[in-house]
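Letter by letter, the chains look like this.
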Amino acid sequence: MKISVSFTLWLLLVSVSANESSECQHTYLQDIYAALREMTASLVQLKADMRFLQAQEQAAQLKTEVDKLKQQQLVQQVAFSASLVVAGESNIGPFRSDTPLIYKHVTTNIGNAYNPNTGVFTAPVRGAYNFEWWVGAFGDGSHASAAVLVKNSEKISLAYERQNQHFGTGSSGVTLLLEVGDVVFLRLVANSLVYDNANHHNTFSGFLLFTM
């Protein structure tokens with residue numbers, strides 16, 4: 001009889017403990033599910049934030065590349081043409097020594113590589129450039145019209161014309177491989193002269209053929 005009562009009490013205790021344990025487990029699982037839902041929502045938001053940041057970074061990189069390409073394209077567009085006088089008429093020379101010519105009337109200056117204040121063209125990129133120039137003056141039987149193209153300090157080519165009377169012109173052209181920063185300009189040859197007016201007889205032109 002004693003054994004039967006004890007066994008019944010044990011069954012009751014086990015039943016109570018099992019019920020309490022089941023309730024605790026249910027509450028615990030609900031907490032876990034709630035935490036998992038919060039973590040899932042946070043992960044979803046984190047992924048969205050990461051995609052947004054990646055999109056912004058890619059957009060910034062793309063803009064940088066586009067800006068570089070635009071800058072390269074602008075640098076590769078180089079061409080200029082200029083004549084000696086802006087208005088009126090003028091005889092330049094003769095001088096005792098070679099004298100730089102400054103072509104002040106600028107018709108074209110794409111890339112701004114030519115400086116009308118100094119008469120100097122400065123190569124913005126390494127490449128092959130073509131140059132042409134014309135000289136002219138009224139012949140007096142004593143002086144020629146002559147201008148030499150100079151690369152840095154090296155004389156490259158001469159345009160020359162001499163007339164005893166009337167107006168005479170001469171021209172020359174050359175293609176040069178230039179490094180970045182190389183300068184090209186024209187010098188009036190000693191004891192020669194040039195004449196220019198609104199018709200712009202004396203010109204200096206150049207353009208980039210291709211980069212290298």
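Residues numbered from 1 in each chain as written. Predicted model: local features only at pLDDT ≥ 70, side-chain atom pairs only at ≥ 80, totals over all residues. Heavy atoms only, no water.

Together, L177, F207, L209, F210 and M212 line one region of the surface with nonpolar side chains, adding up to about 480 Å² of accessible area. In terms of residues, the nonpolar patch owes the most to one element, strand β13 (residues 203–211), which gives three residues. In this structure, L209 sits in strand β13. (Patch = residues over 30% accessible without salt bridge, like charges linked within 9 Å, V, L, I, M, F, W, Y side chains within 5 Å. Areas by Shrake-Rupley, 256 points an atom, 1.4 Å probe, with all protein chains shown as cover. Salt bridge = Lys/Arg side-chain N within 4 Å of Asp/Glu carboxyl O. Helix = DSSP H or I, 4+ residues; strand = E, 2+ residues; numbered from the N terminus.)

Our focus in this paragraph is the packing of aromatic side chains. Scanning all chains against the criterion turns up 13 aromatic pairs. Relative to Y114, the ring of F80 has its centre 5.0 Å away and its plane inclined at 5 degrees; by these criteria the two rings are stacked. Of this pair, F80 sits in strand β1 (residues 79–83) while Y114 sits in strand β5 (residues 114–115), placing them 34 residues apart in sequence. Of the two residues examined, F80 and Y114, each falls in the buried class. Judged by centre distance (6.4 Å) and plane angle (20 degrees), the rings of Y129 and F131 are stacked. No difference in accessibility class separates Y129 from F131, as the two residues are buried. Within the aromatic cluster, the residues linked to one another by ring pairs are F80, Y103, Y114, F121, Y129, F131 and F204. (Phe/Tyr/Trp six-rings, centres within 6.5 Å; stacked < 30°, edge-to-face > 60°. Buried < 20%, exposed > 50% of the residue type's maximum accessible area, 1.4 Å probe, protein only.)

Now for the nonpolar core. Core analysis: the biggest nonpolar cluster contains 28 residues, and F121, Y129, F131, L149 and F204 have the highest contact counts within it. Of all the secondary-structure elements, those providing two or more residues to this core are β1, β7 (127–138), β8 (145–151), β10 (167–178), β11 (183–188) and β13. Among the elements that make up this core, the one with the highest residue count is β7 (four residues). Among residues more than four places away in sequence, those in contact with Y129 are V78, F121, A123, P124, V174, T175, L176, L178, F207, L208 and L209. (Core = buried A, V, L, I, M, F, W, Y, C linked by side-chain atoms within 4.5 Å. Contact = heavy atoms within 4.5 Å.)

Once that is clear, we can look at the side chain of N130. When you line up the elements, N130 lands in strand β7. A distance of 3.2 Å separates polar atoms of two side chains, one belonging to N130 and the other to T175. Beyond its immediate stretch of four places on either side in the chain, N130 contacts V174, T175, S205, G206, F207 and L209. (Polar contact = N/O pair within 3.5 Å; in protein donor to acceptor, adjacent residues only side chain to side chain.)

Honestly, that's just the spatial picture; any functional story needs more than this.
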